[in-house]
Amino acid sequence: MLLHFGAVDQSAEVWVNNEKVAAHEGGYMAFSADSTEVLRPSGSQELTVRATDRTDASTHPVGKQRTIVHTATSGIWQTLWLEPVPSEQVQDLQVTPDLERVTVVPKVTGRARVELIVSEPDGPEVARVAGEAGRQLRAEVPRPSPPATARSSRRVSPAEGL
């Protein structure tokens, strides 16, 4: 279960069931926290957010908050929502394309193996490779050309049955 915060001004610490799941600074930036590991199997859950805004004593940007025309704001000031996600998910990708191959380093939860599929836009699959999550996956692209390579689509997912 992911907790998404649109923005908390200025610093935030987040606990779920008395376990710290996130710390964030930046009153205008969104952030997320994965609370899956600390959720109770059933019953109520407890969410605690500590928001700290030291506009008077910090060097953080404050916008129009120091003028008499606008009221200073702090705390959770953008939407907060929960997102149920599968236990096996791709969290992040580092993609490095070139003319002959595409290299991907996936960050995946739940499984140790992933699969990379490269295909032409709305076309056939041109390469498929499987490997360990967190390590480079290199897919050789046959008959590469700059326009085709630039337009190719890539899909990374937890590998089924590997």
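Structure report, in brief. Values in this document were obtained by computation on a predicted structure and should not be read as measured data.

### Observations regarding the sheet that holds strand S3 (residues 11-16)
No. 1: Taken together, the three strands give an open sheet; going across it, the order is S4-S3-S6, and neighbouring strands pair in antiparallel fashion. Where the open sheet ends on each side, the last strands, each with one partner, are strand S4 (19-25) and strand S6 (47-52). Recorded for the sheet is a direction-independent mean angle of 15 degrees between the axes of neighbouring strands.
No. 2: By the bridge criterion, six bridges tie S3 to S4 in an arrangement that is antiparallel. Across the sheet, the residue bridging to Glu13 is Ala23, located in S4.

### Section: the sheet that holds strand S1 (residues 2-5)
No. 1: Spatially, S5-S1-S8 is the arrangement adopted by the three strands of the open sheet, whose pairing is antiparallel. Both outer strands of the open sheet, strand S5 (31-34) and strand S8 (80-83), are each paired with one neighbouring strand and no more. Averaged over all adjacent pairs, the angle separating strand axes in this sheet is 20 degrees, with direction ignored.
No. 2: The pairing of S1 with S8 spans four bridges and is antiparallel. Across the sheet, Leu3 pairs through a bridge with Leu82, a residue of S8.

### Focus: a nonpolar patch on the surface
No. 1: Together, Leu47, Ile76 and Leu80 give the surface a local cluster of nonpolar side chains, amounting to about 230 Å² of exposed area.
No. 2: As for its position among the elements, Leu80 is in strand S8.

### Section: the environment of Glu13
No. 1: Along the chain, the position of Glu13 falls in strand S3.
No. 2: On the basis of relative accessibility, which here comes to 22%, the residue Glu13 falls in the partly exposed class.
No. 3: Taking C-alpha positions, Glu13 is 8.2 Å from Thr48, a pair spaced 35 residues apart along the chain.
No. 4: Leaving out residues up to four positions away in the same chain, Glu13 has contacts with Lys20, Ala22, Ala23, Thr48, Val49 and Arg50.
No. 5: Polar side-chain contacts of Glu13 include one of 2.8 Å to the side chain of Lys20.

### What about the pattern of salt bridges?
No. 1: For the structure on display, the rule yields four salt bridges.
No. 2: Across the pair Glu115 and Arg128 runs a salt bridge, and its minimum N-O distance is 3.0 Å. Of this pair, Glu115 sits in strand S11 (residues 113-119) while Arg128 sits in strand S12 (residues 125-132), and the two are 13 residues apart along the sequence.
No. 3: Of the residues examined, Glu115 reaches a relative accessible area of 18% and is grouped as buried.
No. 4: Looking at Arg128, the relative accessible area reads 46%, which means it is partly exposed.
No. 5: As a salt-bridge pair, Arg128 and Glu125 come within 2.7 Å of each other at their nearest N and O atoms.

About the thresholds
Residues numbered from 1 in each chain as written. Predicted model: local features only at pLDDT ≥ 70, side-chain atom pairs only at ≥ 80, totals over all residues. Heavy atoms only, no water. Pairing = 2+ DSSP bridges. Helix = DSSP H or I, 4+ residues; strand = E, 2+ residues; numbered from the N terminus. Axes fitted to C-alpha atoms, helices over the stretch in contact; angles between N-to-C directions. Patch = residues over 30% accessible without salt bridge, like charges linked within 9 Å, V, L, I, M, F, W, Y side chains within 5 Å. Areas by Shrake-Rupley, 256 points an atom, 1.4 Å probe, with all protein chains shown as cover. Salt bridge = Lys/Arg side-chain N within 4 Å of Asp/Glu carboxyl O. Buried < 20%, exposed > 50% of the residue type's maximum accessible area, 1.4 Å probe, protein only. Contact = heavy atoms within 4.5 Å. Polar contact = N/O pair within 3.5 Å; in protein donor to acceptor, adjacent residues only side chain to side chain.

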